[in-house]
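Fold and geometry: a report
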Amino acid sequence: MAETDPVLPRAETYESLCQSFRWSLPRAYNMAADVCDRHARRAGRTALIYFDEGGSERRLSFDELKRSANAFANTLEFQGLGRGDRIAILLPQCPETAIAHVAAWKMGAISLPLFTLFGEDALEYRLSNSGAKAIVTDRENLAKIIAIRDRLPALERVIVTDETSRGAGIDVAFWPAVEQASTRYRNARTSADDPCLLIYTSGTTGPPKGALHAHRTMIAHMPSVEFYHQFYPQPGDLFWSPADWAWIGGLMDNLMPAWFHGTPVLAFRARKFDPEEAYRMIATYRVRNAFIPPTALKMMRQVPNPRDRWDLRLRSMFTGGETMGEDLLHWGFETFGMVISEGYGQTECNLMVGNCPAIMDVYPGSMGRAVPGHSVEIVDDAGKVLPAGDTGNIAFRQPDPIAMLGYWDNDAATKAKHVGDWMLSGDLGRKDENGYFWFLGRADDVITSAGYRIGPGEIEECLMKHPAVALAAAVGVPDPLRTEAVKAYIVPAAGFDPSDALAAEIQDFVRARLSAHEYPRQIEFAQTLPLTATGKIRRTELRQREQQKSQEA
């Protein structure tokens with residue numbers, strides 16, 4: 001099975017990097033060989049640092065990972081599973097999650113990551129839609145599967161990681177089966193275009209859709225990860241991220257790229273993100289590289305005096321999923337002594353735009369430039385490329401090796417995602433004369449007020465600059481005069497109490513910094529905001545609330 005070398009050449013400038021970059025994709029390729037097998041040749045090489053249920057530190061080496069993945073692949077085949085079958089994985093950041101993914105890829109099956117935060121309805125939809133034949137989970141999440149199993153006729157095997165024997169609802173006990181199986185396994189001979197990974201979208205614009213990816217996605221992710229992390233890897237690099245491995249950002253922006261290069265990863269298993277604990281882990285384990293979503297960064301920003309309390313030695317940090325904003329960029333430089341690399345992509349076509357501070361200027365508020373090897377433009381609804389400065393659809397030229405094969409069992413949605421040679425992101429943005437992209441918001445999040453088309457991102461970024469604002473979301477609400485008016489939902493920062501006076505102060509703050517048509521004419525304070533499992537604000541849910549209020553009124 002072909003294995004690959006690092007794909008991003010060193011360069012002095014962004015332009016020279018683009019000129020020297022060339023894709024090299026083998027025909028026969030199984031990504032398990034790259035993220036696991038080739039690093040197992042040196043015994044004891046650390047793959048994962050994690051913590052057991054008692055909080056004690058444990059380490060998993062690449063050779064242990066390979067043996068366990070081989071044994072689990074044999075177990076799955078013994079249970080009647082095979083090439084092309086969907087194997088769901090409902091687990092947190094832990095060794096069994098990674099072992100299950102690698103084993104599925106080895107046998108030519110398709111792994112299906114699922115968030116442990118999902119309730120029964122969300123799980124039933126994804127398991128039913130995908131036709132998953134097996135699920136790997138733990139005792140904590142088993143009850144949810146038992147409750148819906150009779151509605152999942154395709155689900156043949158429930159495999160539980162923290163049980164020593166079969167019990168009610170359990171078909172296979174993970175570790176006893178692995179310990180009994182052979183640790184020798186010949187990887188399935190797969191092509192680079194064979195499917196291996198099915199990840200469902202967040203469902204912010206309707207029912208979640210399953211984005212089906214091929215083995216080639218591993219190679220295709222590497223230029224972007226190496227770009228964001230300033231020519232990763234370098235000696236001493238160690239990766240950490242609070243992003244769940246059920247999200248493409250946690251699995252393919254963090255865990256697997258690190259293992260592609262044989263560098264260790266620190267697992268994060270907390271039920272709830274704790275910013276102080278995040279600082280402690282970064283300092284204690286000398287984390288050098290991190291992927292931290294903006295929502296988590298905003299929580300870390302609330303912690304006082306981090307540089308005085310912890311020895312932080314990060315070399316690179318990447319963020320994505322939501323716009324970072326100018327204030328967060330400046331805070332990151334003051335706190336970590338480096339420029340945070342913002343990037344952009346989506347489940348269907350990940351890591352397409354970004355920054356590499358080592359070779360390019362970074363502008364506050366910009367997502368950066370197209371990553372070498374990818375073509376990104378702003379196009380109109382017909383797929384025509386727009387001039388610099390115009391607002392339009394952020395789009396990715398196809399074919400592209402990082403792009404999904406298509407939506408699972410949904411040809412109509414796959415077709416609707418494309419226009420001509422372009423895959424439409426569903427987001428609005430603009431590209432300046434220097435090739436930098438600026439995110440304006442999801443196309444369906446755009447607020448139309450008095451003839452103006454307003455993206456919520458800029459308003460939210462401005463709101464976050466006010467000291468009383470911890471989190472903010474801007475949406476359009478029905479307005480008889482303007483079609484829509486801007487409304488802001490605000491979670492107050494610690495020490496600030498909601499009041500009409502505070503709302504007026506925040507409105508004046510935005511009006512003075514943006515414009516009269518962009519400031520929020522309505523403000524509602526809230527204890528929390530609805531978030532997707534990946535930490536993105538569900539503006540759709542907020543708009544639905546407002547539409548219901550309007551109908552009732």
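That block above? That's the structure.
Parameters and conventions
- Residues numbered from 1 in each chain as written.
- Predicted model: local features only at pLDDT ≥ 70, side-chain atom pairs only at ≥ 80, totals over all residues.
- Heavy atoms only, no water.
- Helix = DSSP H or I, 4+ residues; strand = E, 2+ residues; numbered from the N terminus.
- Buried < 20%, exposed > 50% of the residue type's maximum accessible area, 1.4 Å probe, protein only.
- Contact = heavy atoms within 4.5 Å.
- Arc of directions from axis to C-beta.
- Axes fitted to C-alpha atoms, helices over the stretch in contact; angles between N-to-C directions.
- Parallel < 35°, antiparallel > 145°, perpendicular 65-115°, else oblique.
- Nonpolar A, V, L, I, M, F, W, Y, C, P; charged D, E, K, R; others polar.
- Salt bridge = Lys/Arg side-chain N within 4 Å of Asp/Glu carboxyl O.
- Phe/Tyr/Trp six-rings, centres within 6.5 Å; stacked < 30°, edge-to-face > 60°.
- Lys NZ or Arg CZ within 6 Å of the ring centre and 35° of its normal.
- Lys, Arg positive; Asp, Glu negative; His and termini not counted.
- Polar contact = N/O pair within 3.5 Å; in protein donor to acceptor, adjacent residues only side chain to side chain.
- 1 Å grid on protein atoms, 1.4 Å probe; cavity = no way out; pocket = protein on both sides within 12 Å on 5 of 7 lines; lining within 4 Å.
- Points joined across faces, edges and corners; volume = space filled by probe spheres on them.
- Pairing = 2+ DSSP bridges.

1. A look at the side chain of Gln79
- Looking at the element boundaries, Gln79 is found in the loop between helix H3 (62-78) and strand S3 (86-90).
- Looking at Gln79, the relative accessible area reads 13%, which means it is buried.
- Sequence-distant contacts of Gln79, that is, excluding residues within four places in its chain, are made with Arg157, Arg166 and Val172.

2. Thoughts on helix H13 (residues 326-336)
- Every buried residue belonging to H13 is among Leu328, Leu329, Trp331, Gly332, Thr335 and Phe336, and all of these are buried. The arc that holds every buried residue of H13, seen down its axis, measures 165 degrees, which confines them to one face.
- In this fold, the buried residues of H13 make contact with helix H10 (275-284), helix H11 (294-301), helix H12 (306-309) and strand S13 (316-319).
- Gly337 sits one or two residues past H13 and shows a positive phi near 70 degrees.

3. Structural notes on the packing of helix H8 (residues 216-228) against helix H9 (residues 248-260)
- Running from N to C, H8 and H9 point in directions that differ by 90 degrees, and their axes come no closer than 10 Å. Taken together, the axes of H8 and H9 are roughly perpendicular relative to one another. Listed contacts from H9 to Thr217, Met218, His221, Met222 and Val225 of H8 are Ile248, Met252, Asp253, Met256, Pro257 and Phe260.
- Across the contact of H8 with H9, the residue classes break down as eight nonpolar, two polar and one charged.

4. Structural notes on the pattern of salt bridges
- One pass over the full model with this rule turns up 33 salt bridges.
- Between Glu377 and Lys431 there is a salt bridge, and its shortest N-O distance comes to 3.2 Å. Of this pair, Glu377 sits in strand S17 (residues 376-379) while Lys431 sits in strand S21 (residues 422-431), and the two are 54 residues apart along the sequence.
- Overall, Glu377 belongs to the buried group, its relative accessible area being 19%.
- Note that Glu546 and Lys487 form a salt bridge whose closest N and O atoms lie 2.6 Å from each other. Within this pair, whereas Glu546 is found in helix H17 (residues 539-552), its partner Lys487 is found in strand S26 (residues 483-492), the two being separated by 59 residues in sequence.
- Judged by relative accessible area, Glu546 falls into the buried class, the value being 6%.
- The exposure class of Lys487 is buried, given its relative accessible area of 5%.

5. Things to note about the packing of H10 against H11
- Axis separation between H10 and H11 bottoms out at 8 Å; the angle between their running directions is 95 degrees. As the angle between them shows, H10 and H11 are arranged roughly perpendicular. Residues Pro275, Ala278, Tyr279 and Ile282 of H10 pack against Met299, Met300 and Arg301 of H11.
- Of the residues that constitute the contact of H10 with H11, the class distribution is six nonpolar, no polar and one charged.

6. Comments concerning the packing of aromatic side chains
- Taken as a whole, this structure holds 21 aromatic pairs when the rule is applied.
- Judged by centre distance (4.6 Å) and plane angle (45 degrees), the rings of Phe72 and Phe174 are tilted. With Phe72 in helix H3 and Phe174 in helix H7 (residues 174-180), the pair connects residues that are 102 residues apart, well separated along the chain.
- In this structure Phe72 comes out as buried when scored by relative accessible area, which is 1%.
- Judged by its relative accessible area of 0%, Phe174 is buried.
- The interplanar angle of 20 degrees and the centroid separation of 4.3 Å between the aromatic rings of Tyr228 and Phe318 together place this pair among those described as stacked. Placement of the pair is Tyr228 in helix H8 and Phe318 in strand S13, with a sequence separation of 90 residues.
- Phe318 sits in the buried class, given a relative accessible area of 2%.
- An aromatic cluster of at least three residues, connected via ring pairs, comprises Tyr14, Phe227, Tyr228, Trp247, Phe291 and Phe318.
- One Lys or Arg, Arg511, reaches over the ring of Tyr519 and ends 4.0 Å from the middle of that ring.
- The ring of Phe509 has Arg513 lying over it, and the distance from NZ or CZ to the ring centre is 3.6 Å.

7. Side note on the side chain of Lys144
- Following the sequence through the fold, Lys144 ends up in helix H6 (residues 139-148).
- Nearest to the buried, unbridged Lys144 among oppositely charged side chains is Glu140, at 7.3 Å.
- For Lys144, the side chain forms a polar contact with the main-chain oxygen of Phe118, separated by 2.9 Å.
- Engagement of the side chain of Lys144 in a polar contact is seen with the side chain of Asn141, the distance being 2.9 Å.

8. With respect to the layout of surface pockets
- Looking at the largest pocket, its volume works out to about 1,600 Å³.
- What lines the largest pocket is a set of 48 residues, among which Phe268, Ala270, Arg271, Lys272 and Phe273 lie closest to the centre.
- When grouped by side-chain class, the residues that make up the lining of the largest pocket number 25 nonpolar, eleven polar and twelve charged.

9. What to know about the sheet that holds strand S16 (residues 369-370)
- Strand order in the open sheet made by the nine strands is S2-S1-S11-S10-S12-S13-S14-S15-S16, with mixed pairing throughout. Both edges of this open sheet fall to strand S2 (57-61) and S16, since each of them pairs with a single strand only.
- Alignment of strand S15 (residues 349-354) against S16, held across two bridges, turns out to be antiparallel. By the bridge assignment for S16, Val353 is matched with Ala370.

10. Quick look at unusual backbone geometry
- That bond from Tyr232 to Pro233 is cis: its omega, 0 degrees, falls within 30 degrees of zero.
- One can find Pro233 in the loop between H8 and strand S10 (239-240).
- A cis amide bond links Gln398 to the next residue, Pro399, at an omega of 0 degrees.
- In this fold, Pro399 is placed in the loop between strand S18 (392-397) and strand S19 (406-407).
- Positive phi is not limited to glycine here, since Phe231 has a value of about 65 degrees.
- Here Phe231 lies in the loop between H8 and S10.
- For Phe231, a relative accessible area of 5% translates into the label buried.
- The phi dihedral of Arg286 is positive, around 50 degrees, even though this residue is not glycine.
- Accessibility expressed as a relative area gives 38% for Arg286, which makes it partly exposed.

11. Let's talk about empty space enclosed by the protein
- One pass over the structure, following the stated rule, counts three cavities of 30 Å³ or more.
- Where the lining of the largest cavity is concerned, the elements lending two or more residues are H11, H13, helix H15 (456-464) and strand S25 (469-479).
- Classifying every residue of the lining of the largest cavity by side-chain character gives ten nonpolar, five polar and nine charged.

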